Structure formats: C-alpha cells, structure tokens
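# What the coordinates show
Single-letter residue listing:
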Amino acid sequence: MGPVTDPAPGENAVPLPFPQARPEVESLTAYSAPLEGRRGLLRLDFNENTVGPSPQVVAAIRAMPADHFAIYPEYDGLREAVVASLLATAGVAASQDSNAGGLSPDHIGLFNGVDAAIHAVFHAYGDRGDRLLTTSPTFGYYTPCAQMQGMAIEAIPYALPDFAFPLDALTAALLRPGVAPPKLLLICNPNNPTGTRLAPEAILALAAAAPQTLVVVDELYEAFTGDSLLPGLLGGGDPFAAYPNLVVLRSLAKTAGLAGLRIGFAIGASAVVDRISRVTGPYDINSLAVTAALAALADQAYVDAYVAEVLGARDWLVAQLLQAGVRHHSAGGNYLLIWPQADPRAVEQALRQAGILVRSMAGKPLIDGSLRVSLGTKAQMEQFWRAYAAIEGLA
C-alpha cells in the first residue's frame, strides 16, 4: 500500500505524514468557543446559570461515598426522575402508574450534555447527501455536525426587522414538490441567538406534514418563555403516537446550573430515542452528573426562583436600554442582543477588562455587529449596565 495522500484539485497528490480522515472531517472547521480564562469573571457570554446550582445539588455531590468514584456510573432511576419532573412541570397529576401522563422512561435518552445528543442525532440519522433544514442564524454546532456526516445544509434566514420565524419559507423548503424531504429539520425554540419563538402548534403541524423527516426541537431555553411542546403532548396515551418523528432536547445547564457536569436529554418516540442512543458510549454520563441531575430534578423550586429572577432582571435591563436609546433585541431565552455605537470588538474587550464577559456575534448573518448578553440576576445586570453605559458614554 502506497503512502496516504491528500490530492488537491489541479495539483499532484502530496504525501501526508499521518493517516487521512474521512473527506468530511478533513474539510471540517470544528465548532469552537472561547471557554478558557472565564472563572472569576461575570459570565454573560454562554447563557449559563450565573449563580450556580441548588444547595441540594452541592450537598448531594459532597455526600457521594469515595468508592463511587471507582465504579462505573449507574443510571437506574434517572430516566424515571426526568419523567416525573416533566409531568410535574406540565401540570400532569402524579400517579403510582409509571406511565402516568403517557410518558415513560423509554421516551427519555440520556446524554453527556445536549451537544452530545445533537451529535448523536446526526450520527444516527444523517448520511452523505441527506439534507438538513434549519434556520439562520442559530446555534453554531448544528453546522459542523451536519458537515461531518456529509449532509447538505439549507438554512432559512429569519425575517427582518424583528427576526420573525420564516414559517412560510421553511414550510415550502420542507414540502418542496419533486424533491426528497430533508432527513432532519432542526428548530431551536426559542432560538439562540435571536430569541425567536415559534408556537408549539406550528411545530407539530410541520412534523405532521413531513413524516419522513426527523423534527428535532432544541428547547434549552424554553423555561424562560414557556413555549415547550411537551405540556400539550402529555396527559393521555403515548405522547409521540401521532408524532413518531419528533424529538425534543432539554438540558440542566441553563436553569439548574449544571453546565460544567454535562447532562442532557432527548425526549421522543421510544424507537427514535433507541436509535439515537445506540451511537453513544455505554458510560458517557459520569456519576457526578447523575448525582447532580437527580438532586436538581428534585428541587424544582430552585429552578423556578432562578428563572423568575432572570425574567425580572431582563425587564429591568430592557428598560435601561430603552431609556438610553440603545438598539437591542429581546424576544426569548436568557439572553438579548445589543448593537453598540462603538466598535463591538472594542466594547467587548473593554467589558472584559471590567470583569464582564459577553459574546460577539461578528460574522453571523443578520446580526453581525451585535453583542449577545446573557441574563443573570438583577444585581448582575446592574453591574453590566454600569460598565456598558460608561464604555459607551451613556452614563
């Protein structure tokens, strides 16, 4: 066998000093986020919980016996706890029946964060030449996941000036006559970074109209808007009987404060959840994450209080932006967009020097020139506004 080569168009093959990966990987630009050097600063850049998890979570982790660190993680009871939490937040009465509300542990997939669930969806269902249909701009990890599978990406832009959901255009792309339907339709609802929201009824209509397309709804920020699909599906028989092509993604990162422990869920028809779960490792979720998740799911009051605090802080900050005449956009999620008058890069760096991290949206379609600011407590938003107003000369 000859040397591994990397032929470039119009050029002779050049030997590589290492084995060549799949063509999709060789041409892939990995999703990358500036995650280093953030500790000790006010973290308004990645939409995390800004205060930390429930004290019950901390206590549960500290109480773990030392020998549990030497044992492979066990997942018994975690899916059941997710079911109980989803039913409770949807207002479905508890029951001794494990299938109360129609939701069962078989509908729950466990993943090392929702990023891993997204990757697993593409790995299980995306193939070379298949089509991903989504919106633009949206969460940046969808694109490399599609590219590594060799999929074609069709991204429908949100509608200006208010970043409205392009429902008509997306429906036309989904149901284009004479064209094979997309293998995956991925909707972030509310959308990161625009906050755009789509009513659950509209999403269910899309899923019903395209039964051969797997419709994946990223609901990481639903707690801040109440737009979830799940409450309307729960309370009767199998919630996915009429929508076997629907998958909902949830996380404990944004509300419960477990971003560092990586725990996420895929909720859907048991057959689909089974396929997605087949492409993951047997022990992808560590024991610390399992312990923390169980404690977090048992303390819904903490999550509710944190969400209420964030929503109140958002209202306060939006009032300051309006009064100062700052261009901004706030529609959903625990974040908003701000367009500085000065160079956004300079403003971002000045905020960092003041101990505050925000996320530049430079290069993103429709929102280039803006900064995404995560929302935290009112005290944290006051800290941000003092710094931002001083930098922009608004004080």
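The structure we're discussing is the one just above.
Residues numbered from 1 in each chain as written. Predicted model: local features only at pLDDT ≥ 70, side-chain atom pairs only at ≥ 80, totals over all residues. Heavy atoms only, no water.

## What about the packing of aromatic side chains?
Summed over all chains, the structure comprises eight aromatic pairs. Considering the side-chain rings of Tyr-72 and Tyr-283, the 4.4 Å spacing of their centres and the 15 degrees angle between planes classify their relative orientation as stacked. Note that Tyr-72 is positioned in the loop between helix H2 (55-62) and helix H3 (78-89) and Tyr-283 in the loop between helix H9 (270-278) and helix H10 (287-297), a separation of 211 residues in sequence. Exposure remark for Tyr-72: the relative accessible area of 59% places this residue in the exposed category. Considering the side-chain rings of Phe-384 and Tyr-388, the 5.6 Å spacing of their centres and the 25 degrees angle between planes classify their relative orientation as stacked. (Phe/Tyr/Trp six-rings, centres within 6.5 Å; stacked < 30°, edge-to-face > 60°. Helix = DSSP H or I, 4+ residues; strand = E, 2+ residues; numbered from the N terminus. Buried < 20%, exposed > 50% of the residue type's maximum accessible area, 1.4 Å probe, protein only.)

## Quick word on the side chain of Arg-372
For Arg-372, the position within the fold is in strand E13 (residues 371-374). Side-chain polar atoms of Arg-372 contact the backbone oxygen of Asp-45, separated by 2.6 Å. A polar contact of 2.8 Å, which involves the side chain of Arg-372, links it to the side chain of Asn-192. (Polar contact = N/O pair within 3.5 Å; in protein donor to acceptor, adjacent residues only side chain to side chain.)

## Considerations on the sheet that holds strand E7 (residues 246-251)
Taking strand neighbours across the sheet as the criterion, the seven strands line up as E2-E8-E7-E6-E5-E3-E4 in an open arrangement whose pairing is mixed. At either end of the open sheet lies a strand with only one pairing partner, and these are strand E2 (108-111) and strand E4 (152-157). When the angles between neighbouring strand axes are averaged without regard to direction, this sheet yields 20 degrees. As paired elements, strand E3 (residues 131-136) and strand E5 (residues 184-188) share two bridges and run parallel to each other. Note on E5: the bridge partner recorded for Leu-133 is Leu-185. The sheet strands contacting H3 are E2, E7 and strand E8 (264-268), and the helix crosses E2 at an angle near 120 degrees. (Pairing = 2+ DSSP bridges. Axes fitted to C-alpha atoms, helices over the stretch in contact; angles between N-to-C directions. Contact = heavy atoms within 4.5 Å.)

## A closer look at the environment of Val-358
Inspection of the secondary structure puts Val-358 in the loop between strand E11 (356-357) and strand E12 (359-360). Distance in space between the C-alpha atoms of Val-358 and Asp-45 is 4.1 Å, their sequence separation being 313 residues. When residues no more than four places from it in sequence are discounted, the contact partners of Val-358 are Leu-44, Asp-45, Glu-348, Leu-351, Leu-371, Arg-372, Val-373 and Phe-384.

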